[in-house]
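Here is what each chain is made of, one letter per residue.
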Amino acid sequence: MSEPVSGKPTKGEPMIKVENLWYKYPRTKKYVLEDISFTVEKGEFVALMGANGAGKTTLCQCLNGVIPNSQGGKVKGRVVVGGLDTQETPISKLAQKVGMVLEDPETQLFTTKVKNEVAFGPENLAIDPDEIMKRIAWALKVVRLEGYEERPPTALSGGQKQRLAIAAALAMKPEIMVLDEPTSQLDPIGTLEVFSVIQDLKEEYGMTIVMATHKSEEIAQFADKVLMLHEGRLVKFAPPREVFQDLELMKLTWTHLPQISELILFLRNNGISLKDFAILKDEGVAMVKEALAGKAGRVAS
Ligand SMILES: Nc1ncnc2c1ncn2[C@@H]1O[C@H](COP(=O)(O)OP(=O)(O)O)[C@@H](O)[C@H]1O
Ligand SMILES: [Mg+2]
């Protein structure tokens, strides 16, 4: 690896620390983020949720330093990622700490070969060519695109393009990955592919993940916590189970529940007594089976 980026969090410090963050875009009056505070530990996967316009993209850009380094506007409070204060650190240095993947796979790929796409970031840092080759091989392996090195990115499927975008970010060896609705333009297979790669990054490489997404099912399955934004404010920061059980919050923020949770609520509302709530398919199915078995037993006796 090249020179380590200084400013690693000291032991016990969170990987992401946001303190009383307020943000207003240039030439606008209203703050679109208001007094946001939270921390994310190393290796955690946090899903950013909230209706359109809630501030998810803005918060993602605060985490990778685009705000305020390139975007300008007015910032109050502090964002510290991997020990680096985003208001005091140049974006080139932050890019080695925080990898970013955007919603539209088309707009973030701009070379003619898969391998060049992955090499682009490290080449800009003037990293040694041997090291770049190693990083290309590693990053394409992680996202399961080995063998695609010579292909043009335009020939890839949507899911493959997003995985390539992840590989390009990984080539900078970041400790944190921020993804802004990376699956919103993908079909269910592409969506699953991306989530499964993210799962590997977390489990095998201990990466810290923040992903803006509406995909409740996948959040229930993979995320450690949900950070819910509503009109620029943080209204809940808790494990998915706790968040999805808060039906008033779901309504307020226009959030879809996982389908199995909808089914459980529907059955409850229609007189089938279920002792619990479910966010995962397996637990929901088991719960319904148990309830139905109980009922059948009672009918038979
Ligand atoms: N470049 C910009 N200039 C001014 N206002 C913006 C800009 N980008 C987003 N906004 C406003 O900031 C708010 C939050 O937007 P955004 O972060 O994109 O929300 P989300 O990603 O949750 O849909 C919205 O009210 C949006 O209109
Ligand atoms: Mg957005």
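Residues numbered from 1 in each chain as written. Chains lettered and ligands numbered in written order. Predicted model: local features only at pLDDT ≥ 70, side-chain atom pairs only at ≥ 80, totals over all residues. Heavy atoms only, no water.

### Regarding the nonpolar core
For step 1, the next point in the chain: I166, L170, M177, I198, L201 and F244 are the most contacted members of the largest nonpolar core, which has 51 residues in total.
For step 2, the next point in the chain: Ranked by the residues each element gives to this core, the list is headed by helix α6 (residues 158-170), at six residues.
For step 3, the next point in the chain: Once residues within four sequence positions are removed from consideration, L201 is found in contact with V142, I166, L170, M177, G206, M207 and I209.
For step 4, the next point in the chain: In this structure, Y23, C60, L94 and I176 belong to the second largest nonpolar core, which totals 30 residues. (Core = buried A, V, L, I, M, F, W, Y, C linked by side-chain atoms within 4.5 Å. Buried < 20%, exposed > 50% of the residue type's maximum accessible area, 1.4 Å probe, protein only. Helix = DSSP H or I, 4+ residues; strand = E, 2+ residues; numbered from the N terminus. Contact = heavy atoms within 4.5 Å.)

### Here's the deal with the packing of helix α4 (residues 114-124) against helix α5 (residues 129-142)
For step 1, the next point in the chain: Where α4 meets α5, the closest approach of the two axes is 9 Å, and the angle between their N-to-C directions is 125°. The angle between α4 and α5 falls in the class oblique. α4 and α5 meet at a crossing whose hand is right-handed. From α4, V114, K115, V118, A119, P122 and E123 reach across to α5, where they touch I132, I136, A139 and L140.
For step 2, the next point in the chain: When its residues are assigned to classes, the contact of α4 with α5 shows eight nonpolar, no polar and two charged. (Axes fitted to C-alpha atoms, helices over the stretch in contact; angles between N-to-C directions. Parallel < 35°, antiparallel > 145°, perpendicular 65-115°, else oblique. Left-handed = near helix turned anticlockwise from the far one by under 90°. Nonpolar A, V, L, I, M, F, W, Y, C, P; charged D, E, K, R; others polar.)

### Some words on the domain arrangement of the chain
Size of an interface: often given as the accessible area lost when the parts come together.
For step 1, the next point in the chain: Taken domain by domain, the chain comprises domain 1 (16-257) and domain 2 (258-301).
For step 2, the next point in the chain: On a C-alpha basis, the centres of domain 1 and domain 2 stand 36 Å from each other.
For step 3, the next point in the chain: Put simply, domain 1 and domain 2 have one salt bridge between them.
For step 4, the next point in the chain: Across the pair E283 and R241 runs a salt bridge, and its minimum N-O distance is 3.1 Å.
For step 5, the next point in the chain: Secondary-structure elements contributing two or more residues to the side of domain 1 that touches domain 2 are α8 (216-222) and α9 (240-245).
For step 6, the next point in the chain: Tallied by class, residues from the side of domain 1 that touches domain 2 come to five nonpolar, four polar and two charged. (Domains from an automatic or database assignment. Salt bridge = Lys/Arg side-chain N within 4 Å of Asp/Glu carboxyl O.)

### Considerations on the site of ligand 1
For step 1, the next point in the chain: Taken together, Y25, T28, V32, A51, N52, G53, A54, G55, K56, T57 and T58 are the residues near ligand 1.
For step 2, the next point in the chain: Interatomic distance of 3.2 Å between a backbone N/O atom of A54 and an oxygen atom of ligand 1.
For step 3, the next point in the chain: Contact distances for ligand 1 include 2.9 Å between an oxygen atom and a backbone N or O atom of T57.
For step 4, the next point in the chain: The protein chains hide 60% of the 560 Å² of surface that ligand 1 would expose on its own.
For step 5, the next point in the chain: Among the residues making up the shell around ligand 1, the classes are represented as four nonpolar, six polar and one charged. (Near = heavy atom within 4 Å. Polar contact = N/O pair within 3.5 Å; in protein donor to acceptor, adjacent residues only side chain to side chain. Areas by Shrake-Rupley, 256 points an atom, 1.4 Å probe, with all protein chains shown as cover.)

### A look at the sheet that holds strand β2 (residues 33-40)
Backbone hydrogen bonds hold the strands of a sheet together, and the pairing may be parallel or antiparallel.
For step 1, the next point in the chain: A sheet is described by the order of its strands in space; here four strands give the open sequence β2-β1-β4-β5, paired in antiparallel fashion. One side of each edge strand has no neighbouring strand; the edge strands of this open sheet are β2 and β5 (84-85).
For step 2, the next point in the chain: In this sheet, β2 lies alongside strand β1 (residues 16-24) in antiparallel orientation, the contact comprising five bridges. The residue bridging L21 from the neighbouring strand is I36, located in β2. (Pairing = 2+ DSSP bridges.)

### Some thoughts on the pairing of strand β10 (residues 233-238)
For step 1, the next point in the chain: Here five bridges tie strand β9 (residues 225-230) to β10, and the two strands are oriented antiparallel to one another. Counted as the bridge partner of M228 is K236 from β10.
For step 2, the next point in the chain: Between the end of β9 and the start of β10, which pair antiparallel, lie two residues, with E231 showing a positive phi angle near 50°.

### Here's the deal with the packing of α6 against helix α7 (residues 188-205)
For step 1, the next point in the chain: Two elements in contact, α6 and α7, have axes whose closest approach is 8 Å; the angle formed by their N-to-C orientations is 25°. Here α6 is positioned roughly parallel relative to α7, judged by the angle of their axes. Side by side, α6 and α7 meet where G159, Q160, Q162, R163, I166 and L170 of the first sit next to G190, E193, V194, V197, I198 and L201 of the second.
For step 2, the next point in the chain: By residue class, the composition of the contact of α6 with α7 is six nonpolar, four polar and two charged.

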